[in-house]
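Tertiary structure, described
Here are the chains, one letter per residue:
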Amino acid sequence: MEVCNCIEPQWPADELLMKYQYISDFFIAIAYFSIPLELIYFVKKSAVFPYRWVLVQFGAFIVLCGATHLINLWTFTTHSRTVALVMTTAKVLTAVVSCATALMLVHIIPDLLSVKTRELFLKNKAAELDREMGLIRTQEETGRHVRMLTHEIRSTLDRHTILKTTLVELGRTLALEECALWMPTRTGLELQLSYTLRHQHPVEYTVPIQLPVINQVFGTSRAVKISPNSPVARLRPVSGKYMLGEVVAVRVPLLHLSNFQINDWPELSTKRYALMVLMLPSDSARQWHVHELELVEVVADQVAVALSHAAILEESMRARDLLMEQNVALDLARREAETAIRARNDFLAVMNHEMCTPMHAIIALSSLLQETELTPEQRLMVETILKSSNLLATLMNDVLDLSRLEDGSLQLELGTFNLHTLFREVLNLIKPIAVVKKLPITLNLAPDLPEFVVGDEKRLMQIILNIVGNAVKFSKQGSISVTALVTKSDTRAADFFVVPTGSHFYLRVKVKDSGAGINPQDIPKLFTKFAQTQSLATRSSGGSGLGLAISKRFVNLMEGNIWIESDGLGKGCTAIFDVKLGISERPNESKQSGIPKVPAIPRHSNFTGLKVLVMDENGVSRMVTEGLLVHLGCEVTTVSSNEECLGVVSHEHKVVFMDVCLPGVENYQIALRIHEKFTKQRHQRPLLVALTGNTDKSTKEKCMSFGLDGVLLKPVSLDNMRDVLSDLLECRVLYEGM
Amino acid sequence: MDALISQLQRQFRDYTISLYQQGFLDDQFTELKKLQDDGSPDFVAEVLTLFFEDCVKLISNMARALDKTTGTVDFSQVGASVHQLKGSSSSVGAKRVKALCVSFKEYCEAKNYEGCVRCLQQVDIEYKALKTKLQDMFNLEKQIIQAGGRVPQVDIN
């Protein structure tokens, strides 16, 4: 008998049960084989998976289990020993691996669980951060709104725009239901509702300023939450809302200009505030957040600054407008004054001339009449006529002089003259009258009085004559003495310090009379025009009263001073004046100009041999100009056309006279061409002078633009040409010959 | 002889003054006289001769230009001649001639034919009158010099 190595199953083969076991084992095996496959597939899909080797272990365990179950399929029927062996090996391996896996899992599973908790934690954190970021964003948004608002406020200088913009922007930024601004009234006792955002308000809606809630708000620079029922917040129509929104109020300092001291910045200790009230929407359960309050405070400050800027600007604009108006008015006034003065001067000049002419005729003819044969009565009449007309002529001259003196248009005519002779002349003029009145006149001239002096002879004589004349006029008896001396130091007025400077000295003249004298009170009035002391004795002496006024003006012009001293009525008086005169070095100097105007540059008066070129198309003019220059000693070459001129001109010619009478610019071209010819030797170029018949500005400008050195008006006189040549040769340019 | 000389001198002075007063001459003529000296004793006479020759030439130019029979009138040419005459007359001090030239020029610029013709006739008359007067003055001078006297300087102012 063969020994069968087969293993007999323990139990008899029960058909149905065995079938079910068979099938189950089969499916279990499949499942067990497919699980690792799935695992591998999904792990490969995911990027990260720690514990790979755990997976391997687990996979191995599963595979072996599957293998075990698979091999089990063969053990349901009679099977050989090998199968049993394999089965056993598989089972053993499976046991080993599964034990190992079990042990591993003890370590692994807590880790895996903790991963899960960490994930949950991170998710929570992320949610929290999201919330916070949302909050920050809103804050930043409001911050941006504030900046924009500030920018808007500060970019305008109009009060209303500032305030309106503030309210609008605040309303928008903070989503307010209502925003209102209360401004203090002029009296400062009430707050008036000035601006609201949404609701219309009745005009002149005021609240007294002393309410406790208002004081509370004004007392701090922070935004203060106030009750929605306070008078300042009761702006909305009461509409039975469930819950009124929260209200916040903040003060807005109104800086006044007078608060700004130059040396210290204002401490915001102003007394005037405006009140800004902000209301959140009702029924919204919104609350004022801290950052919103801060925003409101910042805005209030900015508004204060912007308002003060606007106020300052308004002030300065107003001041500027005022100044401009004043300026215009002043300008107008000045022009009117100038016109008036000019009109008056013209009038005076004309009238004077008109009046003088017949006057001179009368005087001249009367004098002539005096020379003829007359009866004594006729002679007397003619003498009276002459005297009266002389007086009238003097009067007219005086008036003209005075008016010219007053607007400063009179200028002294300086010349050299003999001072001693002047005094003697004056005395000679006065002597006849004095002799008639039996008043001896004595003249004392100081020994150090210069003989030849520089000054306005005519006017000085007028002054002395006037004073001495007055002395004689107002004295009935006694004597008159005239003293002239050089004064060195101040004796009289403190504000008039006399210092002899260099070639000047101060002449003092004292005229003492023993006449009626003057009341010291009347002395100041003496020098005002047309005023006369009204004592009866002097009434009949005639005169216009202008004399002293004019003398005073002249003395002032001569940088001097004049005054009268008197000891009282009946005690005579002394008239004293100082004037500044120049000392003349050369006693023989001619009367023309005492003070040389120009420093001693030797003026060319000898033009002998001076080579000049004359270009003129007109033969007669050419001949005349040539004759003129020849007479002055020049060597003259004449040409009659531009081309000839160019051909002839050379460096030997010092001056070229060219006639430019013809209209057009052809004549001026010659100047340019001469310039061209001499570009190389600039310094040898002759001077170019145009002779023209008209003197207007355009001709002058044309000449200058074409490079001419001078312009002369034709016809030229001899003296003119002489002067012109001197000036030209000295300065190399002449544009005053017109 | 002296009486004759002084009489002639007085005549000369009065005549010269009358010429100025009647407007025949002006200050430029005085200036011209100043230029006459020992170096150029006949300066004034030379200048005046040249001037009168110029007058004749210019007047005939203008007459030709204003002659309608030769075609259209060229006012620019007339104007140029008038300009020349004005320059010459102002250089010698012929006051009336110069004044006429000024109005003549205006007529030329306005192209006023009748005005130009009238002015031309007047200029002709004037310069001839002036020539006669100056000739008389020169004759007086010659008489004075022949009589052994000196021609007086006449101060117009």
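Up top you'll find the structure we're talking about.
Report on the accompanying structure.

Another point: the overall build of chain A. Within chain A, the regular secondary structure consists of 17 helices and 18 strands. Residue pairs at least 24 apart in sequence account for 70% of intrachain contacts in chain A once pairs closer than 6 positions are excluded.

Taken as a whole and assessed by the stated rule, the structure comprises 19 salt bridges over all chains. As a salt-bridge pair, A:E169 and A:R172 come within 3.0 Å of each other at their nearest N and O atoms. A residue pair is termed a helical-turn pair when its members lie 3 or 4 positions apart in one helix, as A:E169 and A:R172 do in helix α4 (residues 159-173) at three residues. Two residues, B:K57 and B:D54, come together in a salt bridge whose shortest N-O distance is 3.7 Å. Of this pair, B:K57 and B:D54 both sit in helix α3 (residues 43-65), three residues apart, which is roughly one turn of the helix. Exposure remark for B:D54: the relative accessible area of 13% places this residue in the buried category. Among the ionic contacts, a cluster of salt bridges with common partners joins A:D331, A:R334 and A:R335.

Before going further, it helps to spend a moment on the interface of chain B and chain A. Counting residues at the interface gives 19 residues for chain B and 18 residues for chain A. The interface formed by chain B and chain A holds zero salt bridges in total. For the interface between chain B and chain A, the tally reads five residue pairs in polar contact (both at pLDDT 80 or more). Elements with a minimum of two residues in the side of chain B that touches chain A: α2 (27-34), α3 and α4 (75-92) of chain B. Per-element accounting of the side of chain B that touches chain A gives the leading share, seven residues, to α4(B). Residues belonging to the side of chain B that touches chain A are distributed by class as follows: seven nonpolar, seven polar and five charged.

Now for the sheet that holds strand β14 (residues 611-615) of chain A. Pairing between the strands of a sheet is mediated by backbone hydrogen bonds and can be parallel or antiparallel. Residue and element names in this part refer to chain A. Spatially, five strands are ordered β15-β14-β16-β17-β18 in an open sheet, and the strand pairing comes out parallel. Two strands in the sheet have a free side with no partner beyond their single neighbour: β15 (635-639) and β18 (710-713). Here the average twist between neighbouring strands, direction ignored, is 25°.

Let us look at the packing of aromatic side chains. Taken as a whole and assessed by the stated rule, the structure comprises five aromatic pairs over all chains. Their ring planes at 65° and their centres at 5.9 Å tell us that A:F26 and A:F27 sit as a pair that is edge-to-face. Since its relative accessible area comes to 38%, A:F26 is described here as partly exposed. Pairing B:F52 with B:Y127 gives two aromatic rings, centres 6.2 Å apart and planes at 35°, and the pair type is tilted. Here B:F52, found in helix α3, pairs with B:Y127, found in helix α6 (residues 113-146); they are 75 residues apart in sequence, far enough to count as distant. Judged by relative accessible area, which is 8%, B:F52 ranks as buried. Accessibility expressed as a relative area gives 7% for B:Y127, which makes it buried. Grouped by ring-pair contacts, the aromatic residues B:F51, B:F52 and B:Y127 constitute a single cluster. Above the face of the B:F24 ring, B:R96 is positioned so that its terminal group lies 4.2 Å from the ring centre.

The subject of this paragraph is the side chain of B:S81. Checked against the element boundaries, B:S81 lands in helix α4. For B:S81, a relative accessible area of 8% translates into the label buried.

Before going further, it helps to examine the packing of helix α8 (residues 419-437) of chain A against helix α9 (residues 457-473) of chain A. Residue and element names in this part refer to chain A. In contact at an axis separation of 10 Å, α8 and α9 are set at 25° when each is read in the N-to-C sense. Judged on the interaxial angle alone, α9 and α8 are roughly parallel. Seen along the crossing, α8 lies across α9 with a hand that is right-handed. Along its contact with α8, which presents L419, L422, F423, E425, V426, L429, I430, I433, A434 and K437, the element α9 presents E457, L460, M461, I464, L465, V468, G469, V472 and K473. When its residues are assigned to classes, the contact of α8 with α9 shows 14 nonpolar, one polar and four charged.

This next bit is on the nonpolar core. By size, the foremost hydrophobic cluster in this structure holds 70 residues, and its most contacted members are A:F657, A:L725 and B:F104. No other element matches α3(B), which puts eleven residues into this core. In contact with A:L725, other than residues within four places in its own chain, are A:F607, A:L610, A:L629, A:L632, A:C634, A:V655 and A:F657. Formed by 46 residues, the second largest nonpolar core is a distinct cluster that contains A:L439, A:L507, A:F554 and A:V555.

The rules behind the values
- Within every chain, residues take consecutive numbers counted from 1 along the sequence as written.
- All chains are assigned letters beginning with A, and all ligands numbers beginning with 1, in the order in which they are written.
- Predicted model: local features are reported for residues with pLDDT of at least 70 only, side-chain atom pairs are reported and counted for 80 or more only, and whole-chain, interface and lining totals are derived from all residues.
- Side-chain measures here rest on the full set of heavy atoms in the structure, leaving out hydrogens and waters.
- Helix and strand assignments follow DSSP, with helices taken as H or I runs no shorter than four residues and strands as E runs no shorter than two, numbered in order from the N terminus.
- Whether two residues touch is decided by their heavy atoms; if any such pair falls within 4.5 Å, the residues are in contact.
- Whenever Lys or Arg places a side-chain nitrogen within 4 Å of a carboxyl oxygen from Asp or Glu, that contact is recorded as a salt bridge.
- Exposure categories follow from relative accessible area, calculated using a 1.4 Å probe and restricted to protein chains: below 20% of the type maximum is buried, above 50% is exposed, and the middle band is partly exposed.
- Whenever two N or O atoms come within 3.5 Å, that pair is a polar contact, provided that in protein one can donate a hydrogen and the other can accept it, and provided that, for residues adjacent in sequence, both atoms are side-chain atoms.
- Each residue gets one of three labels, nonpolar for Ala, Val, Leu, Ile, Met, Phe, Trp, Tyr, Cys and Pro, charged for Asp, Glu, Lys and Arg, and polar for the others, Gly among them.
- Two strands are counted as paired when DSSP detects at least two bridges linking them.
- Throughout, an axis means a line fitted to C-alpha atoms (over the contacting stretch in the case of helices), and angles, computed between N-to-C directions, take values from 0 to 180 degrees.
- Any two of the Phe, Tyr and Trp rings considered here, Trp counted by its six-membered ring, make a pair once their centres fall within 6.5 Å; the pair's planes then place it as stacked at under 30 degrees, edge-to-face at over 60, or tilted in between.
- Each ring is checked for a lysine NZ or an arginine CZ that lies within 6 Å of its centre and within 35 degrees of its normal; such an atom marks a charge sitting over the ring.
- Each angle is binned into one of four classes, with values under 35 degrees roughly parallel, values over 145 roughly antiparallel, values of 65 to 115 roughly perpendicular, and all other values oblique.
- What makes a crossing left-handed is the near helix being turned counterclockwise from the far one by less than a right angle; a clockwise turn instead makes it right-handed.
- Note on terminology: a nonpolar core comprises buried Ala, Val, Leu, Ile, Met, Phe, Trp, Tyr and Cys residues joined through side-chain atoms within 4.5 Å.

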